[in-house]
Amino acid sequence: MQTQLKIFADIGELLTLAGVAKKDARHVREEDLSILPDAVMLCRDGRLIWVGTRREFDASDILKRLDPRGAAERISLGGATVLPGFVECHTHTVFAGDRAEEFEWRQQGKSYQEIAAAGGGILSTVRATRQASFDELKSVAQRRTDVFVRQGVTTLETKSGYGLDLEGELKCLRVARALTGPRVVSTYLGAHAKAPEFDDLTAYLNFMIHDVLPRVAREKLADRVDIYIEKGFFDTDMARVYLNAARALGLPFTAHVEQFSDSGGAALALELGARSLDHAVFMSETAIDRAAGSATTVVLLPASDFYLKMRYPPARALIDRGARVALSTDFNPGTSPTQSLGFVGVLARIEMKMSLSEVIAAYTVGAAGALGLATETGSLEMGKLCDFVALDGSWRELFYTVGAPSIKSVYKSGEALPMN
Ligand code: FE
């Protein structure tokens with residue numbers, strides 16, 4: 001195979017985030033963004049092989065050595081600000097239908113039970129998702145994926161969990177595998193809620209462990225497994241059995257924990273060595289301390305807290321004690337029907353008192369860590385994938401307005417992604 005060499009030149013300011021990556025996205029300061037003026041990146045077959053200032057580039061003989069015949073493609077970024085592509089590490093992008101009506105009902109003060117009785121709630125999405133054909137589901141999920149790309153997302157995690165039965169879940173996971181554009185990390189979340197045809201959670205859990213998980217693993221339909229741990233849903237005993245079954249199949253895992261109560265999910269996720277623990281609104285002081293000293297990333301999802309009029313997770317305590325945190329939209333039709341990274345970042349700054357540098361780190365290196373991809377993406381350094389975003393204005397305007405971000409172009413593994 002012929003190697004492909006690309007020179008990305010005319011970068012006004014390059015935020016490599018090398019400092020953030022070096023610190024494992026902990027205790028991030030502005031200087032960790034590692035900003036280079038007038039920079040150049042060299043990319044070979046999708047990976048960075050050189051990053052530095054134009055002055056260093058001109059003074060070095062790297063291009064002569066690597067490209068003696070002058071075959072490299074030179075791409076001018078026109079003075080743009082460049083930073084690592086964003087990593088959206090917690091979404092429920094594959095679903096059919098919407099819950100717009102339910103949103104209105106909630107504002108009218110209808111209870112969860114009343115909404116469920118009126119045909120709303122998660123089971124309404126399950127019905128619509130089961131009814132949708134593969135092509136219908138793929139088409140809506142692709143449109144949503146394109147919305148993420150236009151905001152600079154180069155790696156997108158998406159969960160199943162609206163099929164629940166075997167056929168429905170396999171369909172959702174196959175749709176995730178068929179999405180184009182960003183790098184997609186597919187997560188099996190059958191343990192999202194009880195499938196309606198099962199009498200109790202234990203029976204459903206056994207079905208997943210014996211009938212679904214082995215198939216998902218064999219057909220390589222998911223990169224990891226997730227479970228919703230909460231009072232009234234899966235408890236920690238069930239989650240322990242389930243996550244150990246996933247682990248036995250070689251699948252990494254994550255968990256939705258402590259969204260509405262301290263139900264011990266965070267402690268379990270930490271004990272079992274989960275890649276991330278997500279939501280963490282009601283995390284205990286002990287769990288915060290343990291998370292800070294662990295390799296598990298805490299994924300903060302403030303848009304769902306906003307929509308539910310909840311309190312926000314203890315971001316400051318986590319960050320100040322040295323935890324690695326990530327941010328994500330938790331995009332889903334019920335509790336967080338937004339795909340806006342800008343909104344999440346603004347909430348993080350206003351409601352969780354995170355600095356802009358912390359938000360940028362959480363959406364790149366931190367989120368890559370949550371997905372087990374910290375050595376691949378999240379910062380622009382030699383050896384990593386050439387995943388980046390070129391901005392029209394200054395990086396200081398990021399996560400400031402809620403609306404269209406000023407993104408000029410998005411590259412994944414050195415290839416421009418179509419801004420559909
Ligand atoms: Fe979620």
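Quick note: structure is the one above.
Presented here is an overview of the structure given in this document. Quick caveat, the model's predicted, so the values are computed rather than measured.

### Some thoughts on the overall build of the chain
Alright, step 1. Along its length, the chain carries 16 helices and 15 strands.
Alright, step 2. For 420 residues, the compact-globule estimate of 2.2 N^0.38 gives 22 Å, and the chain sits close to it at 21 Å.
Alright, step 3. Counting only C-alpha atoms and orienting by the principal axes, one finds that the chain spans roughly 70 × 45 × 40 Å.
Alright, step 4. Taken over 420 residues, the chain has a buried fraction of 58%.
Alright, step 5. Sequence separation of at least 24 residues holds for 74% of the intrachain contacts in the chain that already meet a minimum separation of 6.
Alright, step 6. Here the chain has roughly 16600 Å² of accessible surface; of this, 51% comes from carbon and sulfur atoms.
Alright, step 7. Counting 48 positive and 53 negative side-chain charges, the chain places the centres of these two groups 3 Å from one another.

### Describing the environment of Glu 167
Alright, step 1. Tracing the sequence through the fold places Glu 167 in helix H8 (residues 166–178).
Alright, step 2. The sequence separation of Glu 167 and Val 212 amounts to 45 residues, and the corresponding C-alpha distance is 9.4 Å.

### A look at the coordination of the iron ion
Alright, step 1. Only His 90 (NE2), His 92 (NE2), His 256 (NE2) and Asp 330 (OD) from the protein coordinate the iron ion, and they sit 2.2 to 2.3 Å from it.
Alright, step 2. Taken together, the four donor atoms surrounding the iron ion define angles of 82 to 164° at the centre, an arrangement classified as irregular.

### Some details on the sheet that holds strand E12 (residues 325–327)
Alright, step 1. Pairing is parallel in the open sheet, where eight strands are placed in the order E5-E6-E7-E8-E9-E10-E11-E12. Looking at the sheet topology across the chains shown, the edges are occupied by strand E5 (86–88) and E12. Each strand of the sheet is rotated relative to its neighbour by a mean of 20°, with strand direction disregarded.
Alright, step 2. Lying on the sheet, helix H9 (residues 201–218) is in contact with strand E7 (183–191) and strand E8 (224–228); it crosses E7 at an angle near 150°.

### Some words on the pattern of salt bridges
Alright, step 1. Counted according to the given criterion, the structure contains 25 salt bridges.
Alright, step 2. Between Arg 99 and Glu 102 there is a salt bridge, with its nearest N and O atoms 2.6 Å apart. Both residues of the pair, Arg 99 and Glu 102, belong to the buried class.
Alright, step 3. Salt-bridge contacts for Lys 159 lead to Glu 157; the nearest nitrogen and oxygen are separated by 2.8 Å.
Alright, step 4. Linked by salt bridges that have partners in common, Glu 157, Lys 159, Arg 224 and Asp 226 make up one network.

### Considerations on helix H11 (residues 265–272)
Think of an α-helix as 3.6 residues a turn; residues three or four steps apart then line up on the same face.
Alright, step 1. With respect to burial, H11 is a largely interior element, six of its eight residues being buried.
Alright, step 2. Those residues of H11 lying buried are Gly 265, Ala 266, Leu 268, Ala 269, Leu 270 and Leu 272.
Alright, step 3. Along its buried surface, H11 packs onto helix H10 (236–248), strand E9 (253–257), strand E10 (276–279) and helix H12 (285–292).
Alright, step 4. Gly 273 sits one or two positions beyond H11 and adopts a positive phi of about 80°.

### Concerning the pairing of strand E13 (residues 388–391)
Along any regular strand, the residues point their side chains to alternate faces of the sheet.
Alright, step 1. Side chains of E13 alternate between two faces, with Phe 388 and Ala 390 and Val 389 and Leu 391 buried alike.
Alright, step 2. Strand direction decides the pairing type here: strand E4 (residues 73–84) and E13, joined by four bridges, are antiparallel. Residue pairing for E13: Pro 84 is matched across the bridge by Phe 388.
Alright, step 3. Sheet topology places E13 next to strand E14 (residues 407–412); four bridges connect them, and they run antiparallel. Its bridge partner lying in E14, Leu 391 is registered against Ile 407.

Reading guide: rules and limits
- Residues numbered from 1 in each chain as written.
- Predicted model: local features only at pLDDT ≥ 70, side-chain atom pairs only at ≥ 80, totals over all residues.
- Heavy atoms only, no water.
- Helix = DSSP H or I, 4+ residues; strand = E, 2+ residues; numbered from the N terminus.
- Rg over C-alpha atoms; globule rule 2.2 N^0.38 Å.
- Buried < 20%, exposed > 50% of the residue type's maximum accessible area, 1.4 Å probe, protein only.
- Contact = heavy atoms within 4.5 Å.
- Areas by Shrake-Rupley, 256 points an atom, 1.4 Å probe, with all protein chains shown as cover.
- Lys, Arg positive; Asp, Glu negative; His and termini not counted.
- Charge placed at Lys NZ, Arg CZ, Asp CG, Glu CD.
- Donors = N, O, S within 2.8 Å, 3.2 Å for Na, K, Ca; no water.
- Tetrahedral: all angles 85-135°; square planar, octahedral: opposite > 155°, others 65-115°.
- Pairing = 2+ DSSP bridges.
- Axes fitted to C-alpha atoms, helices over the stretch in contact; angles between N-to-C directions.
- Salt bridge = Lys/Arg side-chain N within 4 Å of Asp/Glu carboxyl O.

Interpretation in functional terms is not warranted from these geometric data alone.
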